[in-house]
Amino acid sequence: MKELTFGTVIAVFEEIFGRGLFWTMVPLAVLVTLAYFYVLIRDRAMSMRKFLWAQLSMPFGAVLAVIFVQQMTHSGLRDIGGPVDVIVLLGVAVLGAVGSAILIYTIQSLLRPSRSGQNS
């Protein structure tokens, strides 16, 4: 593999997760992202209380993302072979942490809208 193209990356993800699961996760990620932007535009401000709860969910999201990827690839921590593996594992953890924070904040905001928007 001499070049890393977008098609190659898609093929690798389809191989790791399976075509069905991967293409199910893509629209879900887009849907959560659009809902997050909707909440930010609707509320016109971030609720620090909701943001705190979202931040507290980040370690759980990081751990769950690593476990999920390890289950999909049939590997474990003992299979880490070098620095690139550690970097990929940390990247997965960071993406899981950020994703869980966005998801938790969005769910909280959709279930309990902020009251500051009602006063104006």
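What counts and what doesn't
- Residues numbered from 1 in each chain as written.
- Predicted model: local features only at pLDDT ≥ 70, side-chain atom pairs only at ≥ 80, totals over all residues.
- Heavy atoms only, no water.
- Axes fitted to C-alpha atoms, helices over the stretch in contact; angles between N-to-C directions.
- Helix = DSSP H or I, 4+ residues; strand = E, 2+ residues; numbered from the N terminus.
- Parallel < 35°, antiparallel > 145°, perpendicular 65-115°, else oblique.
- Left-handed = near helix turned anticlockwise from the far one by under 90°.
- Contact = heavy atoms within 4.5 Å.
- Expected span 1.5 Å × (residues − 1).
- Buried < 20%, exposed > 50% of the residue type's maximum accessible area, 1.4 Å probe, protein only.
- Arc of directions from axis to C-beta.
- Core = buried A, V, L, I, M, F, W, Y, C linked by side-chain atoms within 4.5 Å.
- Phe/Tyr/Trp six-rings, centres within 6.5 Å; stacked < 30°, edge-to-face > 60°.

(A) Inspection of the packing of helix 3 (residues 48–73) against helix 4 (residues 83–111) at higher detail. One way to put it is that helix 3 packs onto helix 4 with a least axis distance of 6 Å and a crossing angle of 135°. By the angle class used here, helix 3 and helix 4 are oblique. Relative to helix 4, helix 3 is oriented so that their crossing is right-handed. Taken together, the residues of helix 4 that come into contact with helix 3 (itself represented by Lys50, Phe51, Trp53, Ala54, Ser57, Met58, Gly61, Ala62, Ala65, Val66, Val69 and Gln70) are Leu89, Val92, Ala93, Gly96, Ala97, Val98, Ser100, Ala101, Ile104, Tyr105, Gln108 and Ser109.

(B) The arrangement of helix 1 (residues 6–17) in detail. Here helix 1 spans 17 Å end to end across 12 residues, near enough to the 16 Å set by a 1.5 Å rise per residue. For helix 1, every residue scored as buried is listed here: Ile10, Glu14 and Phe17. One side of helix 1 holds all its buried residues, which, seen down the axis, span an arc of 85°. Where helix 1 is buried, its residues meet helix 2 (19–43) and helix 3. Of the residues trailing helix 1, Gly18 is marked for its positive phi of about 90°.

(C) Structural context of the side chain of Ser57. As for its position among the elements, Ser57 is in helix 3. Aside from chain neighbours lying at most four places away, what touches Ser57 is Ser100, Ala101 and Ile104.

(D) Representation of the nonpolar core in the model. Listed in full, the six residues of the largest apolar core are Ala62, Ala65, Val66, Val92, Ala93 and Ala97. Looking at this core, the elements with two or more residues in it are helix 3 and helix 4. If we skip the residues at most four places from it in the chain, Ala93 touches Ala62 and Val66. Judged by nonpolar contacts, the second largest core, of five residues, contains Tyr36, Val39, Ala101 and Tyr105.

(E) View of the packing of aromatic side chains. A complete count under the given rule lists six aromatic pairs for this structure. Ring geometry for Phe22 and Trp23: centres 4.8 Å apart, planes at 75°, overall edge-to-face. Plain terms: the ring middles of Tyr36 and Phe37 are 6.1 Å apart, the flat faces sit at 50° to each other, and that makes the pair tilted. Owing to a relative accessible area of 45%, Phe37 belongs among the partly exposed residues under this scheme. Members of the aromatic cluster, each reached through a chain of ring pairs, are Phe13, Phe17, Phe22, Trp23 and Phe68.

(F) Examining helix 4 more closely. Taking 1.5 Å per residue as the helical rise, helix 4 with its 29 residues ought to reach 42 Å, and the 42 Å between its terminal C-alpha atoms agrees with that figure. Residues of helix 4 that are buried: Val92, Ala93, Gly96, Ala97, Ser100, Ala101, Tyr105, Thr106, Gln108 and Ser109. Of the surrounding secondary structure, the elements contacted by the buried residues of helix 4 are helix 2 and helix 3.

(G) Summary view of unusual backbone geometry. Backbone geometry at Arg44 places phi at a positive 60°, although glycine is not the residue there. Secondary-structure assignment places Arg44 in the loop between helix 2 and helix 3. A relative accessible area of 75% places Arg44 in the exposed class. Not every positive phi belongs to a glycine, and His74 is a case in point at roughly 55°. Structurally, His74 can be placed in the loop between helix 3 and helix 4. When its relative accessible area of 73% is taken as the criterion, His74 is described as exposed.

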